[in-house]
Structure formats: C-alpha cells, structure tokens
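Each chain, written out:
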Amino acid sequence: MKNDEKFDDVERKIRSLPEPDYDKQFTKDTQDKIHENLLQFASSYNNKKRGAAIMKKMLVGVASVAAFMLFAVLAIPFIEDKLSNSNSNTPGQQTKEPVTIDKNKEENDNKNPADPKSTDPSLYENTEYGFSFALPKSWEGYQIVTDTWEGISTEQNKIIESGKILLIRHPGWTEANPRQDIPIMIFTLDQWSSLEKGEFHIGAAPIGPTKLGENDKYVFVLPARYNFAFLEGYEEVETILQNHPLQTKNVE
C-alpha cells in the first residue's frame, strides 16, 4: 500500500470515530498532553531524518576510505619498486655502500672487445671473484659501485642470504642525469643452488635473475628487471650483454 493510501485510510478511521464532548473531555490538561505528544512525535521524526542523513554520510566516508586503502595496497608496492629501480638501477633488496673503483681497471684497459665493431675496447677484470668484463671504448673511465643483494626466505619471510652486486657505471653518469649501470650479482655455488630450488627469492620480480657465467667458486648473475627504470643508455647495455662480455677463470 502506498503512503497516500495509508494516510487516507487513517483519515477515514478518525472521521468514523464519535465526536467527543469538548466541554467535558477536551480540557486544558488534555490539550497540553496532546500538544506535548505532537512535539515529541515531530522531534522523533526529525531525529530519524537527521540520523539517516548522518548514516548516509558515514557510509559514503567509509566507502571512500576503503577505496583509498585498496588503491594504496595495489599502487604503493609498484611505486616503491619503481623508485628502487630509479635509484639503484637494480631490483631486489639492496644496501648502498660507498662508490669504489676497482684496482684492476686501469692496468687492464684495452683488452678483449665487448663489441666486434669496437676498435679500442676496455676490459674490467676482477681478480677477487675471478672474472673479466669487456666494455666498449666509450666506457673508458667507468667506475665500480659496490652494492649488496639480500635473499628473502620463501617460508619465513626473513633475510637468509646476502652477497655482493658490482655495478659497472658509465663515465657519463651523474646524479642529475643517471645512466643505466651494468649490474653483476655474485653468488656462491651453494647460494645459487638454493635460489634455483626456490628456498629464497630476491625482490618482487616474478622471474629470477639470469646466469651470465660461473667459475669454481662463484656464479655471476644479471638481476631480473635490471633496466626497468629505462634510464638513458639501457639499450646500449642490452647490446653489450648480447655479445657475452663476461669471461670467468678459477680463483686461485
């Protein structure tokens, strides 16, 4: 039944009631009581309307907070990952250390080309870990930045492994205009075996790092999504890596 029909039905029922004796029954006390009841009814009706309005605003507010929280859950990890890649050029759990220049660099320049078209290449050689890396002539004057990777346990969600990352940095790199580094992660043989078994993971990338080579003690690896920030020079780094520039030798 619609509201208008309800009111009409109530009105008919009221009109069917016998007319009261106003002199005897409609006294001053009765009028005051009726007046008080009407005021209470009106107040109750207004409170219900205000309560409904407040509840509606609260529901809108709760929905807005829920939407923001959902956005934060979905977007913040992605933003953090982007920022991490922009700052370090490499994904994963890392701790920055001071920039160092490898002592072998200057005495090993001008050996083993990284690109067949390069007529005067440079060679970075690391005697501590037993590998060398051929670079184009344009990378002469590079720096080696030492960083750290951290492996997170698959089951316990805590750090259970760590190791070095060596970043070969282009001589044109600046804070204002960073260029793509060439990152080389260094694993022991046991660490690499554990990673392949899925006992720990590095960073949030859905794919694992790429093996570049190994010797009798270490495995040399390219991080997953190392060029995710698409910094200047990332295409040149891809070209360098296509020519298999890393060569290994056993550590004495």
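**Q** Explain the overall build of the protein to me, please; I cannot follow it from the model alone.
**A** Looking only at helices and strands, one finds five helices and 11 strands in the protein. Taking all 252 residues of the protein together, 34% fall into the buried category. Looking at the protein alone, contacts between residues at least 24 apart form 60% of all its contacts between residues at least 6 apart. Here the protein displays about 16600 Å² of accessible surface, and carbon together with sulfur accounts for 55% of that area.

**Q** So what exactly am I meant to see when it comes to the side chain of Arg179 here?
**A** Position of Arg179 among the secondary structure elements: in the loop between strand 6 (159-169) and strand 7 (182-188). Judged by its relative accessible area of 13%, Arg179 is buried. In terms of polar contacts, Arg179 uses its side chain to reach the side chain of Glu236, at 3.3 Å.

**Q** Got a minute to help me understand unusual backbone geometry in this structure?
**A** Only a minority of non-glycine residues have a phi that is not negative, and only a minority of peptide bonds are not trans. Phi is positive for Asn157, close to 55°, though the residue is something other than glycine. Note that Asn157 resides in the loop between strand 5 (143-153) and strand 6. The exposure class of Asn157 is exposed, given its relative accessible area of 64%. One non-glycine residue, His244, lies in positive phi territory at about 50°.

About the cut-offs
Residues numbered from 1 in each chain as written. Predicted model: local features only at pLDDT ≥ 70, side-chain atom pairs only at ≥ 80, totals over all residues. Heavy atoms only, no water. Helix = DSSP H or I, 4+ residues; strand = E, 2+ residues; numbered from the N terminus. Buried < 20%, exposed > 50% of the residue type's maximum accessible area, 1.4 Å probe, protein only. Contact = heavy atoms within 4.5 Å. Areas by Shrake-Rupley, 256 points an atom, 1.4 Å probe, with all protein chains shown as cover. Polar contact = N/O pair within 3.5 Å; in protein donor to acceptor, adjacent residues only side chain to side chain.

In short, shape yes, function no, at least from these values alone.
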